[in-house]
Structure formats: structure tokens, C-alpha cells
Amino acid sequence: MPRRYERLFVALAQIGIGRESIDLVSCARDAKHKLDTVRYDLFILDIMIPEWPEGVEDHQNAVDLLFAVHEQQVAFKPGYVLGITADLAAAGDALRQFEDWTWTVLEYSDTADEWVSRATNCAKYVLERFTEARQESVVRVDLAIVCALAKPEQEEVLKLPWNWSEPRPIDDLTFVRDGWLTVEGQRFTVCLATAPRMGMVSAALLSSTMIERLRPKLLAMTGICAGVRGKVKLGDVLFADPSWDFQSGKRVRDKLNTQFSIRPHQLPAPAKIRRHIEQLAGDKAALAKISTDYPDEAPSITALRPGPVASGSAVLADGEVIEQIKLQHQELIGVEMEIYGVYAAGHAASGPQPLYFALKGVCDFADPDKEDGHQRYAAYASARVLQLLVERYGQRLVS
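Residues numbered from 1 in each chain as written. Predicted model: local features only at pLDDT ≥ 70, side-chain atom pairs only at ≥ 80, totals over all residues. Heavy atoms only, no water.

Draft legend 1. Representation of the overall build of the chain in the model. What the chain contains, in helices and strands, is 13 helices and 14 strands. Relative to its full complement of 399 residues, the chain shows a buried share of 48%. Put simply, 71% of the contacts in the chain that link residues at least 6 apart link residues at least 24 apart. When the accessible surface of the chain is summed, it comes to about 20300 Å², and 49% of that surface belongs to carbon and sulfur atoms. (Helix = DSSP H or I, 4+ residues; strand = E, 2+ residues; numbered from the N terminus. Buried < 20%, exposed > 50% of the residue type's maximum accessible area, 1.4 Å probe, protein only. Contact = heavy atoms within 4.5 Å. Areas by Shrake-Rupley, 256 points an atom, 1.4 Å probe, with all protein chains shown as cover.)

Draft legend 2. Structural view of the sheet that holds strand β2 (residues 80-85). Read across the sheet, 3 strands follow the order β1-β2-β3 without closing on themselves; strand pairing throughout is parallel. Each edge of the sheet is formed by a strand with only one pairing partner; in this case those strands are β1 (42-46) and β3 (104-107). The mean inter-strand angle of the sheet, taken between neighbouring strand axes irrespective of direction, is 25 degrees. In this structure, β1 lies alongside β2, joined through 5 bridges in parallel fashion. Along β2, the bridge assignment pairs Leu 45 with Gly 83. (Pairing = 2+ DSSP bridges. Axes fitted to C-alpha atoms, helices over the stretch in contact; angles between N-to-C directions.)

Draft legend 3. Representation of unusual backbone geometry in the model. Omega for the bond connecting Lys 151 with Pro 152 falls within 30 degrees of zero, at 0 degrees, which places this linkage in the cis form. Residue Pro 242 is reached from Asp 241 by a cis peptide bond, and omega for that bond is 0 degrees. Within the chain, Gln 72 stands out as a residue other than glycine whose phi angle is a positive 55 degrees. By the element assignment, Gln 72 lies in the loop between α3 (59-70) and β2.

Draft legend 4. The pairing of strand β4 (residues 143-147), seen in detail. Counted residue by residue, β4 has 5 buried out of 5 residues, so it is predominantly covered. The alternating pattern of β4 places Leu 143, Ile 145 and Cys 147 and Ala 144 and Val 146 on opposite faces, both of which are buried. Here 5 bridges tie β4 to strand β7 (residues 186-194), and the two strands are oriented parallel to one another. Bridged to Cys 147 within β7 is Thr 194.

Draft legend 5. Looking closely at the confidence of the model for the chain. The pLDDT averaged across the chain works out to 88; a share of 89% of its residues lies at or above 70. Within the chain, no element has a lower average pLDDT than strand β10 (residues 249-253), which sits at 60, and none a higher one than β4, at 98. (pLDDT = per-residue confidence, 0-100.)

Draft legend 6. Here's a closer look at the packing of helix α8 (residues 200-214) against helix α12 (residues 339-348). Relative orientation of the contacting elements α8 and α12 amounts to 35 degrees, with a least axis distance of 7 Å. When you trace α8 past α12, the crossing you get is right-handed. Taking contact as the criterion, the partners of Met 200, Ala 203, Ala 204, Ser 207, Ser 208 and Ile 211 in α8 are, on α12, Tyr 340, Gly 341, Val 342, Ala 345 and Gly 346. The residue makeup of the contact of α8 with α12, split by class, is 7 nonpolar, 4 polar and no charged. (Left-handed = near helix turned anticlockwise from the far one by under 90°. Nonpolar A, V, L, I, M, F, W, Y, C, P; charged D, E, K, R; others polar.)

In C-alpha cells, the structure reads:
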């Protein structure tokens, strides 16, 4: 019997079903035992089989086995049933039973491959349905949060009253903290992770991992950034729209000089997020409460400011680079090191794509007159603005 199915095994292997995924038995008794112990997606039954390995082939054995399957007298009813026979005329009652229960019978041939093709197509369909069902069964997280620093950024997010759990791994390298809250009477799930180091590359890799493993509906980054003096104040929370890598471009040389030719690729935040941010920015009382609730002295009354925020691979402290970045977008309000990586991961994700956004608190102005000691407040303010957004508009954003 095994040789009879060698061509089928080869065809199944070509669609990703290896021999190790196939059980082959030689009699009805062994088939019944397998159906009592293993859940099969596809059951192929040779209509002329013996009851015992050393017995005589008889279609009645197949009829009895079909009856047991149909009447659920086996522990695990297979998803699909295919019959196979070299002699349709000899199949007798078994063939009629297949027809009555709308199962398919294939006519075996030593020379033609039509039965192999039809059986393979059935297996391919079952495999695709299984893959789709497995993807649909993945529980999607409502919100995934990415932080670049454990302190103070992740530390301030974990202070939100969102029922945080202990860290758990989602792959060999990534640990996350699960949380949840109730929004409009419904459970809203949250997952938080911190990148192993600062920078766009690390943030993009972590964001891609979380998107792949958790399929979040929202992808957010909180933390700290440098603001543009005169545009924002210390403690303000910036909503990045758009974000880009201000160091992206090409260095070219003419006869006398070398200069950098800017080629920024700007990624906007989703319009749905921006509209809700704009509504939140108008609630001065709620934003002022963030400052008054801070246990220490706050640098100023917090404001939520949407606008262009550029990302780069180095911490800025000389003030000159900020002026150069302004040439890339005259409305620039902030500079930091990770947001573009998060936006790039969200933008490039396969469906269903998350709505991605970033909220970062201003802790300095990236110039020689740097203000020290405001990192904790900036991280706190960004986390609290995220809390306001989720608790007020979370269900609207994920629906």
C-alpha cells in the first residue's frame, strides 16, 4: 500500500505537507484507533481495505468506518474526508455512503495523476483554511507601547493604573509587560516593551517584533525629546506629525566643496489619531491637571502640541544642528532619536496595520543652555497624555 501513495506524498510535500505530517495505516482497525487519538484535518480512506492487517479487503470495512465517523463514534471527527478506489464499480455501498454524506471519491490510477492533483488541491485548501484560522485566532492587543529607555520612560508608563503584569517573553529576545484597563465598559488591552538601546534602528526592530507577534491596533511611543526654543516650552508633550530622519541624504562634492544633499522621507501620523489629538489638545483643564498632579515641581503647565518632529542618530547639544534641521521643515517643533523608526515599522507592516503615533515630552532645547533635571517630568507628562487619549478615545481609535 505505501508505494501506491508515493506520488501523492511527493505532491503533498511540494505544498508544504511533509511525510512527518502524514499517518499511514493498513486496515480499518488501525484507522479507527488513530481517529480516537489524533485530530486530522484530512482523512483519505481507501474504500477496499481489510479489517485487520492480515485480513481480506472488503468495501464493508470502509462503510463501517465511515458510519463511525459520521455518527461521531470516534473521538476526533476529521475535518474533511476523501475516498479513493481503483474500481468504482466494486466500491458498492461505500460509494453510495460517500455520495449521501457529500464526501468525494477519487478514482485511483497507476498511470494518470488526476486523483493525485485533486487530492493535493483538497489538502491545499485545508492547509490554507488552517493557516487563516490560526492567524484569526491570534488575540490582537489594542495598544502596544514602545519606550527607548527603561528609566525614566518605561518607568513612568508603568505608574499608570493599568493592571501591569510581570514581564513575559514573546520571542527569544523580547520581553513585554501586559496591562489592561476598562474603556467605555469594555476591556482594553495594553502591552509595553523597552528597546535594548536608543536609536531609530533599535526602535524599528522592537516595533516590528511587537507588530508581528501581538498584531496591535495602536502602536505608540512615549518618552523624552528636545524641543525647538521659541516653539515649545519645557514639559510640553509633542505629537509627532510628520516624522523623518534628518540625516537621510547624500554627501556630494563639486570642484571646491563637499556638501550634504538632504533627502528626507517624511512619514505622517494617521489622520484618525491626529484628529483625536487635536481634540485633546483643546482640553486645557485636563492638561493642566497633569502638571498639578506631579509630585514635585513641574517646569510649566503642560501643553499638547502636534507638529513636525525629526529623528537622528545622535544626541544634540550644540544648537547649530537644530537650525539646519529647520531648513527641512520650517514648522519643526522637536528633535529626538527614535520616532521615525517606530513610524517606519508601522508604515511598512503587513495588514492589518496598526495606527502608529508618538508622544514625547520636552526635557531640553538641544543647545548649550540645556536644562537639566526635567527628563522625569517629560516622561511623566508623555505617559499621562497617552493615558488621557486612551481612556477618553481608546474604543473609538481601535474600532
